[in-house]
Amino acid sequence: MKIIMLGAPGAGKGTQAKQIAEKYSIPHISTGDIFRANIKNGTELGKKAKTYMDQGLLVPDELTCDLVVDRIKQDDCKKGFILDGFPRTIPQAEALDAALSKMGEKMDYAIDVDVPDENIVRRMGGRRVCLNCGATYHIVSIPTKVEGICDKCGSEVVLRDDDKPETVQKRLSVYHEQTQPLIDYYNRQGILKTVNGTRPLEEVFADIVTILGA
Ligand SMILES: [Zn+2]
């Protein structure tokens, strides 16, 4: 069961990916985790990745793909794995397919957690974070008892710059530009499955389980 999770930032794909990994006992592989593990363990690939990250540069596609392929060759991936945050671009997707094909394998599912932009903008715009203790709230789903004041420590809660509508919209534009071609790519391969991500987490998860088969 080799799965790619697709979905805009804020669509909840990370949460779904973790739950799928748990249910099917397969590793949840995120590029962030791989970078951190390789850097921590001082591997050759990790050292290379670090030189880019230290300069604030994106790790090149080829190196990212090498790191991912290195990870999926490990024993715990024999039953399958779920990729979260990779591939992000067509060159990455092609590199992944080429590497898998050398191993006599291919991806089984690309699951797109679909949430309209305006919905994500609204979700993120409702987030509030305590300046003092870091507690997180949401004006609709997890409101503070007193408006604008942290329940835990009494400090001010604020809308982070990252969650402001204009910032979120910018991030979404970049996402669509990069990822729409990927959606088309996996659709052509016949492995794309789209789930409606606007519903409660457990309903979205139930849909994914139906797709994957229990
Ligand atoms: Zn607080």
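Calculation criteria
- Residues numbered from 1 in each chain as written.
- Predicted model: local features only at pLDDT ≥ 70, side-chain atom pairs only at ≥ 80, totals over all residues.
- UniProt positions renumbered as here; feature names shortened; annotations may be inferred.
- Helix = DSSP H or I, 4+ residues; strand = E, 2+ residues; numbered from the N terminus.
- Buried ≥ 20, exposed ≤ 12 C-beta atoms within 10 Å, placed from the backbone.
- Contact = placed C-beta atoms within 7 Å.
- Expected span 1.5 Å × (residues − 1).
- Arc of directions from axis to C-beta.
- Pairing = 2+ DSSP bridges.

### Quick word on the UniProt feature "domain: Adenylate kinase active site lid" (unreviewed entry) in the protein
- Per the UniProt annotation, the sites labelled "domain: Adenylate kinase active site lid" (unreviewed entry) are residues 127-162.
- As a span, residues 127-162 carries 0% helix and 25% strand, and end to end its C-alpha atoms are 10 Å apart.

### Quick notes on the UniProt feature "binding site: Zn(2+)" (unreviewed entry) in the protein
- In this numbering, the UniProt entry assigns the feature "binding site: Zn(2+)" (unreviewed entry) to Cys130, Cys133, Cys150 and Cys153. Over a stretch of 24 residues, the named residues converge on one spot in the fold, their C-alpha atoms separated by at most 8.6 Å.
- With respect to the secondary-structure elements, Cys130 resides in strand β5 (residues 127-130).
- By the C-beta count within 10 Å, which is 20 here, Cys130 ends up buried.
- Not counting chain neighbours up to four residues away, the residues in contact with Cys130 comprise Ala135, Cys150, Lys152, Cys153, Ser155 and Val157.
- Of note, Cys133 is situated in the loop between β5 and β6 (136-138).
- The residues contacting Cys133, other than those within four sequence positions of it, are Cys150, Lys152, Cys153 and Ser155.

### A short note on helix α1 (residues 13-24)
- When the terminal C-alpha atoms of α1 are compared, their 16 Å separation across twelve residues agrees well with the 16 Å that a helix rising 1.5 Å per residue should span.
- Within α1 the residues assigned to the buried category are Lys13, Gln16, Ala17 and Ile20. In a view along the axis of α1, the buried residues occupy a sector of 100°, so they form one face of it.
- In the core, the buried residues of α1 are packed alongside β1 (2-7), β2 (28-30), β3 (81-84), β4 (109-114) and α8 (201-212).

### Notes on the sheet that holds strand β7 (residues 157-158)
- Taken together, the three strands give an open sheet; going across it, the order is β6-β5-β7, and neighbouring strands pair in antiparallel fashion. This sheet does not close on itself; its edge strands, each paired only once, are β6 and β7.
- Where β5 meets β7, two bridges bridge the pair, whose relative direction is antiparallel. Note that in β7 the partner of Cys130 across the bridge is Val157.

### What about the pairing of β3?
- The alternating pattern of β3 places Phe81 and Leu83 on one face and Ile82 and Asp84 on the opposite face, and all of these are buried.
- Alignment of β1 against β3, held across four bridges, turns out to be parallel. Along β3, the bridge assignment pairs Ile3 with Ile82.
- One ladder, built from three bridges, connects β2 with β3; its direction is parallel. Counterpart to His28 in the pairing with β3 is Ile82.

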